[in-house]
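Coordinates in review
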Amino acid sequence: IEFLNSNKIELNLCDKTKKILEDQTNKVNSFKVKIDFLREAKENIDTNSFNEFCASVDYLNRPLKPHQEKSLYHLDKANCAANFSVPGSGKTSVVLAFYEKLKLKKEVDAIFLIGPKNCYYSWKTEFKLNLNRDPKLQILDENKEKRKFIYENSFNNEVYACHFSTVANDLTLLKEFLNKKKFLLVIDEAHNIKKIGGLWSNAILSLRYLSKYKIILTGTPMPQDFKDFYNYLDFLYPDFEVINSHEKAQIEVFMDNKKFDEAANLINNKIYPFYTRVTKKELKLSKPNFLKPYLIKMNPIEKKIHEAITTKIKYYAKNDYLKNIDLIKKIQRARIIRLRQTCSYVKNLITAIPPDLRQGDENLLSDQDLKNLIAKYDLNEKPAKIFKLKELSKKLISKGEKVLIWSTHLKTIDLITKELSKEGINISKITGKTKLKEKEEIKDKFNDSSSNLDAIIAIPQACSESISLHKACHHGIYYDMNYNTSEFLQSLDRIHRVGGSEKNPVFYYFLQYENSIDVKIYERVFEKANRQMQVIEEDNLTFSHPDSDDFDDLYSDLNL
């Protein structure tokens, strides 16, 4: 109709069409009013209204903090909203306060939670702390038959939880199930569904009409692409184009022309009314202490193998780079991985690298002497880092402190567990193989200051998201690092959170081999982390300018 009118084409509308048009116009106008209302609720909170609202939230076992009350106030006005507050700010408590408010009004029956497996038991714990009752958590990641039984029967559980992949696998059954009750639909760690057209994203979006109340949660909302917010908005408000097609095209042009600020301003203006956000600064946590890295000399065998790999890198870089660029790049990446493995624990080289990176790299360690050194490494030497780790851990534990140790290699984790146990240190490990229930038990024991669990050794992929380890631990040791900056920032927040870190100082330690790739990875990760933290601490969300390829950068950083 707009098109016909703009082209001065006369038209007559039947009564049914007029009614549809009138309904749609009213819908759009009322959404515009809501946008203005939400913007006002963020910018100019009416003190009396806010105080009355806070006084009405008298049903919680654990009172909300002031920053959480503001988020709840906004969520109550919006019904569907995002919370982009930093990890450790208490987003779960805000959602549970909102849920209880809705439950008391008989607006919802239960929470349907979609997120990573790490988060399930955290919700159960927080539910008990905030609402003082057992939610009878029902996890839907069992086998398909058990899930089908749950979908087809009605239970009195207050929290149902499943992984993003379960939604994709059980879509038809899930839709029927969500129609049986009134659910508050929550997507936790929602950055997992930002990919346009992704399998998980499409599955989650297909549920968007099945609940009146929906919440998006992520502590890492910073987009690296202009499209990263589109799925969030489409999920929360499927009937409205918060960012219309013309504006999307405009953003794309800005991004193509590297006008990141203009793109960020346009997106910020559009999404501003629909989210709340608390920065680290606002949490008033103690300032984290990043101690100067310990520079350690390699032991002889480690050094010999590290130098052999470096020599091969030099050879290829000078003689073969232009012959087959794609193959050489694969080889370079493979060797960066091998250097990292060597700097963690030489025995990691036995499994070497993923098969897709092996092509053309067979002669990297073809020297029989080197092969023997790797195969018999444990008989001849221990990594020099292990001795420093033992010394540091024993010193901290003797003072009554608990220690969280990070490594990115499974063989290294096994070695550290064995070596620290020999020293009488009670240590548990968390890897991708650790079952959810066991992970929760380890977490609870570690958070109990009176327990005898001295240390946890963890792999970031399995433990850097949705796990709080800050109740009794204020010391994190990085035995080695990878270059996933978001994962690194998440790992820092495991022991630096609301509910313990306001007064207790937190310390981070880094073990590095001198003149090795350890140093380069540390420098690069901190450079990116500082940039990301500046963005995260901005009042408005903005863009992370796309980073260049880490492997290529690290390769050139070796100055070969």
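The structure reproduced in this document is the subject of the present report. (Residues numbered from 1 in each chain as written. Predicted model: local features only at pLDDT ≥ 70, side-chain atom pairs only at ≥ 80, totals over all residues. Heavy atoms only, no water.)

A positive phi angle, close to 60 degrees, is found at asparagine 132, a residue other than glycine. Here asparagine 132 is to be found in the loop between helix H6 (120–131) and strand E3 (138–139). (Helix = DSSP H or I, 4+ residues; strand = E, 2+ residues; numbered from the N terminus.)

Judged by side-chain charge, Glu438, Glu441, Asp444 and Asp448 come together as a negatively charged surface patch. When you line up the elements, glutamate 438 lands in helix H21 (residues 436–447). Look at glutamate 438 and you get partly exposed, because its relative accessible area is 39%. (Patch = residues over 30% accessible without salt bridge, like charges linked within 9 Å, V, L, I, M, F, W, Y side chains within 5 Å. Areas by Shrake-Rupley, 256 points an atom, 1.4 Å probe, with all protein chains shown as cover. Salt bridge = Lys/Arg side-chain N within 4 Å of Asp/Glu carboxyl O. Lys, Arg positive; Asp, Glu negative; His and termini not counted. Charge placed at Lys NZ, Arg CZ, Asp CG, Glu CD. Buried < 20%, exposed > 50% of the residue type's maximum accessible area, 1.4 Å probe, protein only.)

For the rest of this paragraph, the subject is the packing of helix H2 (residues 15–43) against helix H4 (residues 66–78). A packed helix pair is summarised by two numbers, namely the angle formed by the two axes and the spacing between the axes. One can describe the packing of H2 onto H4 by two numbers: an axis separation of 10 Å at closest approach and a directional angle of 170 degrees. Between H2 and H4, the crossing angle belongs to the class labelled roughly antiparallel. Of H4, the residues touching H2 (which contributes Lys34, Phe37, Leu38, Ala41 and Lys42) are Tyr73, His74, Lys77 and Ala78. By residue class, the composition of the contact of H2 with H4 is five nonpolar, one polar and three charged. (Axes fitted to C-alpha atoms, helices over the stretch in contact; angles between N-to-C directions. Parallel < 35°, antiparallel > 145°, perpendicular 65-115°, else oblique. Contact = heavy atoms within 4.5 Å. Nonpolar A, V, L, I, M, F, W, Y, C, P; charged D, E, K, R; others polar.)

The next thing to look at is the nonpolar core. By size, the foremost hydrophobic cluster in this structure holds 87 residues, and its most contacted members are Phe112, Ile114, Leu184 and Ile216. Considering each element in turn, this core owes the most residues, seven residues, to helix H5 (residues 91–104). Sequence-distant contacts of leucine 184, that is, excluding residues within four places in its chain, are made with Val95, Phe98, Tyr99, Val108, Ala110, Ile111, Phe112, Ser211, Tyr213, Lys214 and Ile215. The next biggest cluster of nonpolar side chains, apart from the first, holds 67 residues, and it includes Leu396, Ile405, Tyr478 and Phe488. (Core = buried A, V, L, I, M, F, W, Y, C linked by side-chain atoms within 4.5 Å.)

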